[in-house]
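Spelled out, the chains give:
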Amino acid sequence: MDSTSKANPTTKEHSHVKEDSVSDGEGEGEGEGEGLTMSVRTEAPAHYELEIQSFPFLLEILKDSGLHRYESSVFEAGGCKWRLILQLEKEKETSEDEYLCLYLENMENRQQGEIDALLNFFVSPGRHMYISIQDGKVRRFTAEKKEWGIGRISSLKELLGILQLMNENACRFGVEVFVLKSEGKGECFSTQFDHFVWKIPNFSSHLPEQIRIPDLFSPEFAIGGYKWKLRLYPKGIPKVKEEYLSIYLYLHDTANIPSGTKMHVELKLRIVDQYGACASDSAQTQKTCNAWFNREKSSWGFPYFIKLEHLKQRKGLLVDDHLIVAAEFASLNIIKDLPKIPL
């Protein structure tokens with residue numbers, strides 16, 4: 001028997017577990033075994049293991065002394081102090097059948113605050129075999145509620161029968177405690193839909209051979225809570241050799257965008273037919289893109305958007321020397337870090 005653990009008299013606080021409880025020291029009215037997941041593994045419990053070298057002898061001691069529980073030494077897991085408890089219970093006061101229950105008690109002297117944890121209990125009636133039992137529920141330990149566990153995990157008769165069959169006296173018990181602590185890490189995915197229309201007057205003034213105006217910026221517009229601009233090269237970027245008009249979408253003011261924020265844009269850029277005609281050559285007047293934006297990658301666009309020759313010849317694109325560019329956001333998906341939740 002573990003020399004550092006001890007059998008303690010049953011205190012008033014722990015003296016009673018309601019019938020049909022399988023999940024906590026005070027009972028929740030669940031049926032036996034309801035919602036439990038059991039599996040077998042060879043790995044020992046990661047956080048605490050209690051070996052009773054003569055389990056039948058321990059039961060005799062508990063019965064002869066009128067005690068109903070065995071309390072382990074205090075151990076630490078997840079930055080908190082705990083104690084594993086083996087408790088004997090009867091299904092009914094008049095019943096002779098006794099059951100083994102496993103509970104975990106929080107030993108922190110906290111009058112305020114809460115500890116949320118996932119619990120995984122273990123029973124090992126043989127060497128190199130651990131039966132893992134859990135219900136997958138997050139248990140909240142408080143100053144008023146310090147004990148959670150699984151009631152009637154096994155009948156003593158069945159457990160002793162297994163030990164006898166395996167010619168074993170020793171039985172091991174264990175627990176893994178996974179304390180849930182928010183580190184404020186995560187991300188939020190949201191979607192926005194919107195559009196922007198940019199009217200450019202006196203467009204031809206940017207096209208004479210002797211004038212080279214590198215680019216034009218649209219007024220700033222906001223979509224999804226972020227600032228954007230369109231950037232238009234009237235005679236194209238250098239690689240198109242002044243044969244095409246080039247258009248780009250720019251994410252503006254990137255210095256104020258957090259490093260963990262990124263945006264996926266489904267965008268249609270088009271030059272508006274001001275006569276409202278349904279053009280058969282719409283492929284030449286509109287382009288679609290799927291692009292990612294962040295503080296390091298702030299632009300995406302089309303160097304070969306439309307031939308300048310086609311722009312001049314096609315009726316409805318330049319009307320009274322006005323060019324209209326529309327940016328239609330089919331979707332703007334924003335991924336950003338979740339704000340840290342104060343503990």
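Here the structure is shown first, and the text comes after it.
On a predicted model such as this, the values are computed, not experimentally measured, just so you know.

Asks: Lay out the overall build of the chain with the relevant residues and their values.
Replies: A tally of regular secondary structure across the chain gives three helices and 20 strands. Looking at the chain as a whole, 45% of its 343 residues qualify as buried. Across the chain, contacts joining residues at least 24 apart in sequence account for 70% of those joining residues at least 6 apart. Summed over its atoms, the accessible surface of the chain is roughly 18700 Å², and 49% of this surface lies on carbon and sulfur atoms.

Asks: Requested: an account of the environment of glutamine 284, with residues and values cited.
Replies: Among the structural elements, glutamine 284 can be located in the loop between strand 17 (262–271) and strand 18 (286–293). Take glutamine 284: its relative accessible area is 39%, and that puts it in the partly exposed class. Each C-alpha atom of the pair glutamine 284 and arginine 270 lies 9.0 Å from the other, and the pair is 14 residues apart in sequence. Not counting residues up to four positions away in its chain, the partners in contact with glutamine 284 are Phe305, Ile306 and His310. At 3.1 Å, the side chain of glutamine 284 forms a polar contact with the side chain of histidine 310.

Asks: Please give an account of the pattern of salt bridges that cites residues and values.
Replies: Counted by the stated rule, this structure contains 14 salt bridges. For glutamate 242, the salt bridge goes to lysine 235, with nearest N and O atoms at 3.7 Å. Between arginine 270 and glutamate 328 there is a salt bridge, with its nearest N and O atoms 2.7 Å apart. Residue arginine 270 is found in strand 17, and its partner glutamate 328 is found in strand 20 (residues 323–337); the two are separated by 58 residues along the sequence. Glutamate 328 gets classed as partly exposed once you look at its relative accessible area, which sits at 29%. One salt-bridge network, held together by shared partners, links Arg69, Glu71, Arg83, Glu105 and Glu147.

Asks: Residues and numbers for helix 1 (residues 55–65), please.
Replies: Within helix 1, burial applies to Phe55, Leu58, Leu59 and Leu62. Relative to the axis of helix 1, the buried residues are bounded by an arc of 100° and lie together on one face. Of the residues flanking the end of helix 1, it is glycine 66, one or two places downstream, whose phi is positive at about 75°.

Asks: Describe the environment of cysteine 80, listing the residues and the values that go with them.
Replies: Here cysteine 80 is to be found in strand 5 (residues 80–90). Along the chain, cysteine 80 and valine 179 lie 99 residues apart, while their C-alpha atoms are 8.5 Å from each other.

Asks: Go over the environment of leucine 104 with me, naming the residues and quoting the values.
Replies: Of note, leucine 104 is situated in strand 6 (residues 98–106). For the pair formed by leucine 104 and valine 177, sequence separation is 73 residues and the distance between their alpha carbons is 9.0 Å. Excluding anything up to four places from it in sequence, leucine 104 contacts Phe75, Trp82, Arg83, Leu84, Leu119, Phe121, Phe141, Lys146, Glu147, Trp148, Val175 and Val177.

Asks: Account for the pairing of strand 7 (residues 115–126), with residues named and values stated.
Replies: Counting buried positions along strand 7 yields eleven of twelve residues, so the element is predominantly enclosed. Bridge analysis of strand 7 against strand 9 (residues 138–141) gives four bridges, and the strand direction is antiparallel. Each residue of the ladder has a partner; that of alanine 117, found in strand 9, is arginine 139. Pairing of strand 7 with strand 11 (residues 171–179), which is carried by eight bridges, proceeds in the antiparallel orientation. Considered in strand 11, the bridge of valine 123 is made with phenylalanine 173. Of the strand pairs in this sheet, strand 7 and strand 8 (residues 129–134) are connected by four bridges, and their pairing is antiparallel. Bridging from a neighbouring strand, phenylalanine 121 pairs with isoleucine 133 of strand 8. Counting the residues between successive antiparallel strands, the hairpin from strand 7 to strand 8 contains two residues, one of them, histidine 128, with a positive phi of roughly 60°.

Cut-offs and rules
- Residues numbered from 1 in each chain as written.
- Predicted model: local features only at pLDDT ≥ 70, side-chain atom pairs only at ≥ 80, totals over all residues.
- Heavy atoms only, no water.
- Helix = DSSP H or I, 4+ residues; strand = E, 2+ residues; numbered from the N terminus.
- Buried < 20%, exposed > 50% of the residue type's maximum accessible area, 1.4 Å probe, protein only.
- Contact = heavy atoms within 4.5 Å.
- Areas by Shrake-Rupley, 256 points an atom, 1.4 Å probe, with all protein chains shown as cover.
- Polar contact = N/O pair within 3.5 Å; in protein donor to acceptor, adjacent residues only side chain to side chain.
- Salt bridge = Lys/Arg side-chain N within 4 Å of Asp/Glu carboxyl O.
- Arc of directions from axis to C-beta.
- Pairing = 2+ DSSP bridges.

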